[in-house]
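What follows is each chain in one-letter form.
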Amino acid sequence: MTDHTVDLDKHRGMAAQKATDLRRALAEVETNLKELRERETALENQLLTVPASSWPEAAAKARYLLNIYAASLPSEDTRHRALVAALFDDFARLSGDS
């Protein structure tokens, strides 16, 4: 045995290297997506179980839900997108954010 590691990727053809890189990237994306779903679930459980103690906290919950709603809107639904954007502007104005 030797203490030197062998980079097997260098011994593969270009197509095999690309396929390996693609599999690795896909596995990383799937892992990240799974972690994101778990964090979203934890956040949503907290939003469900912990009542807002102020209007800004309630607005933060509303922002989260409106972002989910807006993401599901078809791109041609400009009226509802504009309403969501106007509501976000209202939240910012009323909370003192610039």
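Scroll up a little and you will see the structure.
Residues numbered from 1 in each chain as written. Predicted model: local features only at pLDDT ≥ 70, side-chain atom pairs only at ≥ 80, totals over all residues. Heavy atoms only, no water.

**What to know about the packing of helix 2 (residues 55-72) against helix 3 (residues 78-95)**
Part 1 of the argument: At a minimum axis separation of 11 Å, helix 2 and helix 3 run at an interaxial angle of 160 degrees. As summarised for this structure, helix 2 and helix 3 are arranged roughly antiparallel, according to the angle between their axes. Relative to helix 3, the crossing made by helix 2 is left-handed. Residue-level inspection shows A59, A62, R63, L66, N67, Y69 and A70 of helix 2 in contact with helix 3, the latter providing H80, R81, V84, L87, F88, F91, A92 and S95.
Part 2 of the argument: Class assignment of the residues belonging to the contact of helix 2 with helix 3 gives a composition of ten nonpolar, three polar and two charged. (Axes fitted to C-alpha atoms, helices over the stretch in contact; angles between N-to-C directions. Helix = DSSP H or I, 4+ residues; strand = E, 2+ residues; numbered from the N terminus. Parallel < 35°, antiparallel > 145°, perpendicular 65-115°, else oblique. Left-handed = near helix turned anticlockwise from the far one by under 90°. Contact = heavy atoms within 4.5 Å. Nonpolar A, V, L, I, M, F, W, Y, C, P; charged D, E, K, R; others polar.)

**So, the nonpolar core**
Part 1 of the argument: A59, L66, A70, V84 and F91 together form the largest nonpolar core, which totals five residues.
Part 2 of the argument: Among the elements that take part in this core, helix 2 stands out by supplying three residues, more than any other. (Core = buried A, V, L, I, M, F, W, Y, C linked by side-chain atoms within 4.5 Å. Buried < 20%, exposed > 50% of the residue type's maximum accessible area, 1.4 Å probe, protein only.)

**Digging into the side chain of T20**
Part 1 of the argument: Mapped onto the elements, T20 comes out in helix 1 (residues 14-49).
Part 2 of the argument: Only 3.1 Å separates the side chain of T20 from the side chain of R23, close enough to count as a polar contact. (Polar contact = N/O pair within 3.5 Å; in protein donor to acceptor, adjacent residues only side chain to side chain.)

**Some thoughts on the pattern of salt bridges**
Part 1 of the argument: Under the counting rule described, the total for this entry stands at two salt bridges.
Part 2 of the argument: Here K34 makes a salt bridge to E38, at a shortest N to O gap of 3.5 Å. Here the residue K34 and the residue E38 both occupy positions in helix 1, the gap between them amounting to four residues, near one helical turn.
Part 3 of the argument: Here R93 and D90 are joined by a salt bridge, their closest N and O atoms 3.0 Å apart. Of this pair, R93 and D90 both sit in helix 3, three residues apart, which is roughly one turn of that helix. (Salt bridge = Lys/Arg side-chain N within 4 Å of Asp/Glu carboxyl O.)

**Description of the packing of helix 1 against helix 2**
Part 1 of the argument: Running from N to C, helix 1 and helix 2 cross one another at 135 degrees; their axes reach a closest spacing of 11 Å. Here helix 1 is positioned oblique relative to helix 2, judged by the angle of their axes. Remark: the crossing between helix 1 and helix 2 carries left-handed chirality. Residues E40, L43, E44 and L47 of helix 1 form the contact with helix 2, whose participating residues are K61, Y64 and I68.
Part 2 of the argument: For the contact of helix 1 with helix 2, the per-class residue count stands at four nonpolar, no polar and three charged.

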